[in-house]
There are 2 protein chains.
Amino acid sequence: MAVGLGPLPELHPVPGFELGIASAGIKRPGRKDVVVMRCAEGSTVAGVFTLNAFCAAPVILSRQRFEGPVRYLLTNTGNANAGTGEPGLLAAQRTCASLAQLTGVAETAILPFSTGVIGEPLPVEKIEAALPAALADLKPDNWAAAASGIMTTDTLPKGASRQFQHDGVTVTVTGISKGAGMIKPNMATMLGYIVTDAKVSRSVLQALLSDSANKSFNRITIDGDTSTNDCCMLVATGQAALPEITEAQGPLFEALKAAVISVSMELAQAIVRDGEGATKFVTVQVNGGATHQECLDVGYAVAHSPLIKTALFASDPNWGRILAAVGRAGVPQLNVGLIDVFLGDVCITSKGGRAATYTEEQGAAVMAQAEISIRIELDRGNCSETIWTTDLSHEYVKINAEYRT
Amino acid sequence: MAVGLGPLPELHPVPGFELGIASAGIKRPGRKDVVVMRCAEGSTVAGVFTLNAFCAAPVILSRQRFEGPVRYLLTNTGNANAGTGEPGLLAAQRTCASLAQLTGVAETAILPFSTGVIGEPLPVEKIEAALPAALADLKPDNWAAAASGIMTTDTLPKGASRQFQHDGVTVTVTGISKGAGMIKPNMATMLGYIVTDAKVSRSVLQALLSDSANKSFNRITIDGDTSTNDCCMLVATGQAALPEITEAQGPLFEALKAAVISVSMELAQAIVRDGEGATKFVTVQVNGGATHQECLDVGYAVAHSPLIKTALFASDPNWGRILAAVGRAGVPQLNVGLIDVFLGDVCITSKGGRAATYTEEQGAAVMAQAEISIRIELDRGNCSETIWTTDLSHEYVKINAEYRT
């Protein structure tokens, strides 16, 4: 049911980065569920991780290790290794130790990632058994297979790629992501990997990823449920024949930043387009706020409202529910008499009441579309924020009621 | 699909209070949709109203008027008269003025209440035309008909009644409520009316209602959507032959308080039991918090999680989703290694990880029940809070996708 999400675009290989996929049979026999990624020596790595206090064991390990030299990223699906306490941490360490032994790198140079059911013991032996096959499969043009290998309830793989020229050198930024439910990233998304062959210092790379995540992954929501396993990693292999970027300025940095943000946006929106049970792709834009936070508060009140989400599913322009959500967002001293609301280009609320020009037919025409924008003008300041979300359909209930069966 | 909600209990008439019901045909011809309530001269009235900034026109008027002498409460269903701006305010005033003219009381002695679709003009003439019939129907033993008359998507009428003896005098507390969706009251519930024949000063009555609403109506949630029209009123007719209660202490006050809280609890829980599409009645109890607010934050994170609600609907003990919700509730410096979680009497999480004694069969047995309790022990303080909620079913999506059709 993905909304406006087609087959994978061309995903350009990134010099210095290889991917290998194998099947460990964690949840279902034969399913490709283990992905190993290798980065060239000297790569820098930036990461943003879930702020959920119950973060998963692999998140704890990756967060400890990602600033040091990193050589491998090891991902499994089918089991989140979250809510598993001390045994879960030992299990994550064991899978990394096995990969370290097979490849001859330090155990701390391996970052683990898991996604799937929360609270069940990680099947370490199954993952270990699959590692040789994954290593044998390592190659630079394996992005599409890796994008499929990290999927759980996703219906389509998600990837994006950009290239730009600088001083006659081609620089590539390629990324993949997964996630369709338990999506309200807080600092990062479910799982996202973005790789470039530019050479970038760790501090600049981290700032670039944080900025980019805040404009993309941290602005999407499907059900408001922040995952225990959210991670987004940005790897710079440094293989492009260009000087190292050590400051967040200059033409090369700006070109890289534009490419990274563009890839992040496409990957983040792809997660929403493939949201569990999604039949609509919804953009909620809040303008004229006194602060960015109040724009976000209003945006999320609208984006999380089950009543608005079911109306979107029904293509019903029941705009009173939008007003109710704006009104309960907790904005201090909100003057509702200033607020305009637009559905697509149609003004539905003017100065806090039904717009004189509004007709039900106009609203119904916008709601019938698969891609819908809701724009709220608060008229009390100059801040704006945009959030992307989905509707709430029968299929969402079905998927999540039957997830473990 | 109401959970554990039977036919109305006996609703004792309250001396000094009469109710009349009529049909105005607001949404459907023949539907009883107008309720007039008359209170004896000298009655005191307390009220709590929605904090939604987009509050409805009748809320604005009732909030202005309820501290003065009040003689009539006028309720219509089928139209919320919210998001209607200045014309909505004039419409609410006109219905009150008409009732004032028919009854010879001051216009300001009439409190209007509306519930139904947001954003459509109130059909004033239809309501005016129904007033004479409603007045002709006024009688003290009309509570059951009034409980039905204020329903919208409710599947069953909701009422509760208590009597106690004081100095040989019988004191009655009777109340009715409505609401099944857009339920996350903030200071009050959708619509609730509680009446006693005790004589109570306005300030004591207001404090009693606020306290009682905070223990009941302000602790329920169905979909987290705070309505534009929430109102809960407590009327004291003063007809019981007992001294006026002017202080929040003493045996008579305590007996009245116990009765009012008991009625409020039953009415609030009845709203949850009849929640849109509800198949489960869920109690979320959070203990051991450092503050009441953090207990509420954790409780609502659990109660609003679409993933937990769909697991409840599926009777799936997918307890990892509970940990994920606790972890994202925003509690500062939360030590997850101290947290225990119980499903019914079954310990599912001990010290932050899966309890050694837990089996899937135990969890499944609890989840199969229609009434389920989730207890979270934070072990960082002495505060507790309890919230009542429902599951998220296909029926919820169906009801709200088809609400206006």
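Per an unreviewed UniProt entry, chain A carries the name Arginine biosynthesis bifunctional protein ArgJ and comes from Azomonas agilis. Per UniProt, chain A carries the Subunit (unreviewed entry) text "Heterotetramer of two alpha and two beta chains." Quoted verbatim from the Sequence similarities (unreviewed entry) field of UniProt, the annotation for chain A is "Belongs to the ArgJ family."

A separate point is the pairing of strand E6 (residues 158–166) of chain A. Residues and elements named next belong to chain A. Where E6 and strand E7 (residues 169–178) come together, 9 bridges link them in antiparallel fashion. Note on E7: the bridge partner recorded for Gly159 is Ile176. Linking E6 to E7, which pair antiparallel, is a turn of 2 residues; within it Asp167 sits at a positive phi near 50°.

Under the definition given, this model contains 34 salt bridges over all chains. In this structure, Glu67 of chain B engages Arg202 of chain B in a salt bridge whose closest nitrogen and oxygen atoms are separated by 3.5 Å. Here the residue Glu67 of chain B occupies a position in the loop between helix H1 (57–65) and strand E4 (72–79), and Arg202 of chain B occupies one in helix H5 (residues 202–215), the gap between them amounting to 135 residues. Two residues, Lys158 of chain B and Asp154 of chain B, come together in a salt bridge whose shortest N-O distance is 2.7 Å. You can call Lys158 of chain B buried: its relative accessible area is 1%. One salt-bridge network, in which partners are shared between bridges, spans Arg94, Glu125 and Glu128 of chain A.

With 50 residues of chain B in contact, the opposing surface of chain A contributes 50 residues. Note on chain B versus chain A: buried area summed over both sides is about 4,200 Å², and carbon and sulfur give 62% of it. One can count 2 salt bridges joining chain B with chain A. Notably, a salt bridge pairs Arg328 of chain A with Asp225 of chain B, separated by 2.5 Å at the nearest N-O pair. Taken together, chain B and chain A are joined by 16 residue pairs in polar contact (both at pLDDT 80 or more). Of all the secondary-structure elements, those providing two or more residues to the side of chain B that touches chain A are helix H8 (306–313), helix H9 (320–327), strand E13 (353–354) and helix H11 (394–401) of chain B.

Least-squares fitting of chain B to chain A yields an RMSD of 0.0 Å, with the transformation described by 0.0 Å of translation along the axis and a rotation of 180°. Such a combination of rotation and displacement between the chain copies is what one expects of a two-fold axis. The position closest to the rotation axis in chain B is occupied by the C-alpha of His394 of chain B, lying 2.8 Å away. When the interface residues of chain B are mapped onto chain A, 100% of them again lie at the interface, so the same face is used by both copies.

The angle between the axes and the distance between the axes are what describe a pair of packed helices. Residue and element names in this part refer to chain A. Interaxial distance between helix H7 (residues 292–304) and helix H9 (residues 320–327) falls to 8 Å at its minimum, and their mutual angle equals 135°. Regarding the angle of H7 to H9, the classification is oblique. Crossing of H7 against H9: the hand is right-handed. Contact residues: H7 offers Val298, Ala301 and Val302, while H9 offers Ile322, Ala325 and Val326. When grouped by side-chain class, the residues that make up the contact of H7 with H9 number 6 nonpolar, no polar and no charged.

A separate point is the side chain of Ser227 of chain B. Here Ser227 of chain B lies in the loop between H5 and strand E9 (231–236). Filtering out sequence-adjacent residues up to four positions away, Ser227 of chain B remains in contact with Thr50, Asn52, Met182 and Met190 of chain B.

Applying the stated criterion across every chain yields a total of 8 aromatic pairs over all chains. Seen in terms of ring centroids, Phe17 of chain A and Trp143 of chain A are 5.5 Å apart; in terms of plane orientation they differ by 20°. Their pairing is stacked. Here Trp143 of chain A lies in helix H4 (residues 143–149) and Phe17 of chain A lies in strand E1 (residues 17–22), a separation of 126 residues in the sequence. For the pair Phe17 of chain A and Trp143 of chain A, a shared accessibility class is recorded, and that class is buried. Arranged with centres 5.2 Å apart and planes meeting at 65°, the rings of Phe49 of chain B and Phe66 of chain B form a pair that is edge-to-face. Here Phe49 of chain B is found in strand E3 (residues 44–49), whereas its partner Phe66 of chain B is found in the loop between H1 and E4, with 17 residues between them in sequence. Phe49 of chain B gets classed as buried once you look at its relative accessible area, which sits at 7%. When its relative accessible area of 6% is taken as the criterion, Phe66 of chain B is described as buried. The positively charged end of Arg273 of chain B is found above the aromatic ring belonging to Phe281 of chain B, 3.9 Å away from the centroid. A cation sits over an aromatic face here: Arg375 of chain B above Phe342 of chain B, 4.1 Å from the ring centre.

The next thing to look at is the sheet that holds E13 of chain B. Residue and element names in this part refer to chain B. Ordered in space as E13-E12-E11-E14-E10-E15, the 6 strands form an open sheet in which the pairing is mixed. Each end of this open sheet is capped by a strand with a single partner; those strands are E13 and strand E15 (383–390). Where H9 meets the sheet, its contacts fall on strand E11 (340–343), strand E12 (346–350) and strand E14 (371–377), and the angle it forms with E11 comes to roughly 135°. Relative to the sheet, helix H10 (residues 360–367) contacts E11, E12 and E14, its axis offset from that of E11 by approximately 55°.

Rules behind the numbers
Residues numbered from 1 in each chain as written. Chains lettered and ligands numbered in written order. Predicted model: local features only at pLDDT ≥ 70, side-chain atom pairs only at ≥ 80, totals over all residues. Heavy atoms only, no water. UniProt positions renumbered as here; feature names shortened; annotations may be inferred. Pairing = 2+ DSSP bridges. Helix = DSSP H or I, 4+ residues; strand = E, 2+ residues; numbered from the N terminus. Salt bridge = Lys/Arg side-chain N within 4 Å of Asp/Glu carboxyl O. Buried < 20%, exposed > 50% of the residue type's maximum accessible area, 1.4 Å probe, protein only. Contact = heavy atoms within 4.5 Å. Buried area = accessible area lost by both parts, 1.4 Å probe. Polar contact = N/O pair within 3.5 Å; in protein donor to acceptor, adjacent residues only side chain to side chain. Least-squares fit on C-alpha atoms with pLDDT ≥ 70 in both. Axes fitted to C-alpha atoms, helices over the stretch in contact; angles between N-to-C directions. Parallel < 35°, antiparallel > 145°, perpendicular 65-115°, else oblique. Left-handed = near helix turned anticlockwise from the far one by under 90°. Nonpolar A, V, L, I, M, F, W, Y, C, P; charged D, E, K, R; others polar. Phe/Tyr/Trp six-rings, centres within 6.5 Å; stacked < 30°, edge-to-face > 60°. Lys NZ or Arg CZ within 6 Å of the ring centre and 35° of its normal.

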